[in-house]
Amino acid sequence: MNRGLRHIKSIFMRELTGYFGSALAYVFLVIFLVLLGFFTFYVSGFFENGQADLSAFFSWHPWLYMLLAPAITMRLWADERKQGTLELLMTFPITPFEAIMGKFLAAWIFVGIALFLTFPIVITVAYLGSPDSGAIFCGYAGSFLMAGAFLSIGLMSSSLTRSPVVSFLVSTFICLFFNLAGYPPVTQAMKSITPDVMVNFVSGLSMLTHVASISRGVISFFDLSYFLSVMGFMLFINSVSLENRQTL
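Here goes a summary of the coordinates provided. Given the structure is predicted, the values throughout are model-derived calculations rather than measurements.

Procedures and definitions
Residues numbered from 1 in each chain as written. Predicted model: local features only at pLDDT ≥ 70, side-chain atom pairs only at ≥ 80, totals over all residues. Heavy atoms only, no water. Core = buried A, V, L, I, M, F, W, Y, C linked by side-chain atoms within 4.5 Å. Buried < 20%, exposed > 50% of the residue type's maximum accessible area, 1.4 Å probe, protein only. Helix = DSSP H or I, 4+ residues; strand = E, 2+ residues; numbered from the N terminus. Contact = heavy atoms within 4.5 Å. 1 Å grid on protein atoms, 1.4 Å probe; cavity = no way out; pocket = protein on both sides within 12 Å on 5 of 7 lines; lining within 4 Å. Points joined across faces, edges and corners; volume = space filled by probe spheres on them. Nonpolar A, V, L, I, M, F, W, Y, C, P; charged D, E, K, R; others polar. Salt bridge = Lys/Arg side-chain N within 4 Å of Asp/Glu carboxyl O. Axes fitted to C-alpha atoms, helices over the stretch in contact; angles between N-to-C directions. Parallel < 35°, antiparallel > 145°, perpendicular 65-115°, else oblique. Left-handed = near helix turned anticlockwise from the far one by under 90°.

### Considering the nonpolar core
In terms of nonpolar packing, the biggest core is built from 64 residues, with Y19, F150, M207 and F227 touching the most fellow members. When residues in this core are grouped by element, the largest group, twelve residues, is from helix α10 (residues 133–158). Those residues in contact with Y19 that sit more than four places away from it in its chain are A25, I72, L76, A106, A107 and F110.

Written as structure tokens, this is what we have:
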């Protein structure tokens, strides 16, 4: 293993261990699972619909991530700045890219664990009927990619401020834009005042548009590129922010 990967691994392990070393991680997991169950079974009327699929379950993910991803990431850089440990971290023989990737991957795996813990819902649907396993796999893949995109937005926002609260508000606002840009009532309203080409362009920026495409059972290169591009762009801004901080 080369030196860069060792640095990423050490930061990754420190951050992931930190999640499970505090009660906040377990509170997050409980809130995530309870809210998903509540919205899927009660708000969406899962049993009343009489369909053995997870479309209602996956439809709530973008809205929960919009709040929970900023909550997970708001302290990752803001606290380092506030406590003055960012300067100490940057004196170590690691690059900003390695530090960012270590923190980002730890947050992403943490959300992946939360996603994995929703397996009882899959078992419930399989018990009640014969769901499309391909659609379920793609639904989880799309949700995991979307979580990574939202986390990258949160990490970028956290790198811009010393205040976790400000980081949370900024990243939530950006995540809200990425959701609303493809929300059907919003796109319908836009069609009455803007050309279709503009509506399609704005809708194409939305997480909802791409995760809906993946949930239909096909992971296209276009959708995969979209999520990876969002992550890459947000982490690049994060890197620029840290580089500028180093020069001060």
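### Points about the side chain of N179
Relative to the helices and strands, N179 is located in helix α11 (residues 164–180). Residue class for N179 comes out buried when judged on its relative accessible area of 0%. Residues contacting N179, with those up to four places away along its chain left out, are P62, W63, M66, F150, S206, M207 and L208.

### A word on the layout of surface pockets
For the largest pocket, the calculated volume is near 600 Å³. If you trace the largest pocket, you find 22 residues lining it, with Y19, L24, A71, I72 and R75 closest to the centre. Looking at the lining of the largest pocket, the elements with two or more residues in it are α1 (3–20), α2 (23–43), α5 (61–73), α6 (78–83) and α8 (96–116). Among the elements that take part in the lining of the largest pocket, α2 stands out by supplying five residues, more than any other. Along the lines of polarity and charge, the residues of the lining of the largest pocket split into twelve nonpolar, four polar and six charged. Size it by volume and the second largest pocket reaches roughly 350 Å³. Lining of the second largest pocket is provided by 17 residues; of these, L54, S55, F58, S59 and S215 occupy positions nearest its centre. Elements that contribute at least two residues to the lining of the second largest pocket include exactly α4 (55–59), α10 and α14 (207–215). Class assignment for the residues of the lining of the second largest pocket results in ten nonpolar, five polar and two charged.

### Focus on the pattern of salt bridges
As enumerated under the stated definition, the model contains two salt bridges in all. Residue E15 is joined to K103 by a salt bridge in which the shortest nitrogen-to-oxygen separation is 2.9 Å. Placement of the pair is E15 in helix α1 and K103 in helix α8, with a sequence separation of 88 residues. In this pair, the class of E15 matches that of K103, namely buried.

### Details of the packing of α5 against α8
Where α5 meets α8, the axes come as close as 12 Å, and the angle between the chain directions of the two elements is 135°. One way to sum up the angle between α5 and α8 is to call them oblique. Here α5 and α8 pass one another in a crossing that is right-handed. Residue-level contacts link H61, Y65 and I72 of α5 to A107, F110, V111 and L115 of α8.

### Some words on empty space enclosed by the protein
Summed over the entire model, instances satisfying the criterion amount to one cavity of 30 Å³ or more. The wall of the largest cavity is formed by F28, Y65, L68, A69, I72, V111, A147 and L151. Taken together, the residues that form the lining of the largest cavity break down as eight nonpolar, no polar and no charged.

### As for the packing of α2 against α8
One can describe the packing of α2 onto α8 by two numbers: an axis separation of 10 Å at closest approach and a directional angle of 45°. Between α2 and α8, the interaxial angle falls into the category oblique. Once α2 is placed against α8, the crossing between them reads as right-handed. Where α2 approaches α8, its residues A25, F28, L29, F32 and L33 are matched on the opposing element by F110, A114 and L115. Class assignment for the residues of the contact of α2 with α8 results in eight nonpolar, no polar and no charged.

None of this, on its own, says anything about what the molecule does.
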